[in-house]
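The lines below spell out each chain.
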Amino acid sequence: MTSVITSLLDTDLYKFTMWQALLHRHPQTQSEYRFVCRNQPQYPLAELLPEVNAALDHLCSLRFREDELAYLGGLRFIKSDFVDFLRIFQFQRSFIRAWAQGDQLHIVAQGPQVHVMGFEIFVLAIVNELYFRRFDAAAALASGRERLAAKVQQLRDLAQEATLRHPFELFDFGLRRRYSGAWQREVVKTFAEQAPQWFKGTSNVLLARDLNLVPIGTMAHEYLQSYQALGVRLRDFQKAALEDWVQEYRGDLGIALTDTVGMDAFLADFDLYFAKLFDGLRHDSGDPVAWGEKALAHYAKLRIDAHTKRLVFSDGLTLTKALALYRHFGDRTQLGFGIGTHLTNDMGDAPEMKPLNIVKKLVRANGQPVAKLSDTPGKTLCDDETYLAYLRQVFNVRD
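About the thresholds
Residues numbered from 1 in each chain as written. Predicted model: local features only at pLDDT ≥ 70, side-chain atom pairs only at ≥ 80, totals over all residues. Heavy atoms only, no water. UniProt positions renumbered as here; feature names shortened; annotations may be inferred. Helix = DSSP H or I, 4+ residues; strand = E, 2+ residues; numbered from the N terminus. Buried < 20%, exposed > 50% of the residue type's maximum accessible area, 1.4 Å probe, protein only. Contact = heavy atoms within 4.5 Å. Salt bridge = Lys/Arg side-chain N within 4 Å of Asp/Glu carboxyl O.

1. Considerations on the UniProt feature "modified residue: Phosphohistidine" (unreviewed entry) in the protein chain
Sites flagged by UniProt as "modified residue: Phosphohistidine" (unreviewed entry) map to His221. Its location among the elements puts His221 in helix H10 (residues 221-226). On the basis of relative accessibility, which here comes to 4%, the residue His221 falls in the buried class. Every residue in contact with His221, bar those within four places of it in the chain, is listed here: Leu257, Asp259, Thr260, Asp284, Lys361 and Lys372.

Structure follows, in structure tokens:
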């Protein structure tokens, strides 16, 4: 079997940035991450179990190479002691287990957070690529290239529109649900070569290095969720997480994720102090226009010039949706658009080409449940209804 993952850089930048922050501040945390498929695949994912186990065996044999460590060490926000940690790091096979139960594929990573948190993106990329290898690759690639050319033309057409105050900036966020590693590389390379005016980077650290692009990313839900179990009062977990981030990066990586317990609860904690220290906000659930309007109203209330801040949109975007949001907000604030599946797994209308909606989420830390209260129904992943009810009560979030 051709290996899906051949480099430990083939993951999203925010895995490294969260990893470093948690290693420095909470290295003792124990955690559990669980794989879930939210839609119906064309064949049972349980059939992939032998291949998934072989891919996990291979993943756990990889180490960071010196050239990879040198690249990471050259990023100004990555500290030398973290690079030293990565030099000796190796995934431990005993910390991750995959099994089949009926048609369902189960994958759970459990152990010290700084040893298991990195599994997430690799697991998702492995399952995706193995799943799509069973279908007609030639037809998929032909359709994918047609659609890719149409997206490049959409960007070129933007040059004919009236200029807004702030530019349209597009990022690739498509690693976790990509059709394949080779296809993501082709997509990113195509945008970088044919639409450099608008395409500004990728979350994939390996591709950023190889194609001389800016690596993009700050934090994900797991970082903020972890603080629900790190000894601070639950009502204060967001403020504690943001404060640790500020202390770790001191001005770098200043885009905060807003929907761990919903936008309203986030803004209640995002006071003048944080609003000045962070460069902007990232949207990942709920109505994006309503979210953007709330963000701009919050900056206005704090008497902060929104033109000095950035709103990043990353929730299930298509290029058409991103352009519509740009036209709505482009004269009012800086913007960024991270598009995932629609860039790297848009391979046609055939039923077998429908992307998998798979996630691997943090569900427990230090022996207790953690959760996010997404602004989009169905995104919450927690099997402890008592804890969910408590979290909703503390942050006054409706069920």
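That shown, we press on.
2. Quick look at the environment of Glu293
Inspection of the secondary structure assignment puts Glu293 in helix H14 (residues 288-301). Taking the C-alpha atoms as reference points, Glu293 and Asn204, separated by 89 residues in sequence, lie 30 Å from one another. Setting aside its immediate chain neighbours within four residues, Glu293 contacts His328, Phe329 and Arg332.

3. So, the pattern of salt bridges
Summed over all chains, the structure comprises 34 salt bridges. A salt bridge links Arg25 to Asp244, with the shortest nitrogen-to-oxygen separation between them at 4.0 Å. In this pair, Arg25 is assigned in helix H1 (residues 13-25) and Asp244 in helix H11 (residues 237-249), connecting sequence segments 219 residues apart. Asp244 gets classed as buried once you look at its relative accessible area, which sits at 18%. The salt bridge partner of Arg310 is Glu169, with a shortest N-O separation of 3.1 Å. Here Glu169 lies in the loop between helix H7 (137-158) and strand S4 (170-172) and Arg310 lies in strand S8 (residues 310-313), a separation of 141 residues in the sequence. In terms of burial, Arg310 and Glu169 fall into one category: buried. Within this structure, Arg65, Asp67, Glu68, Arg185, Arg209 and Asp210 form a network of salt bridges that share partners.

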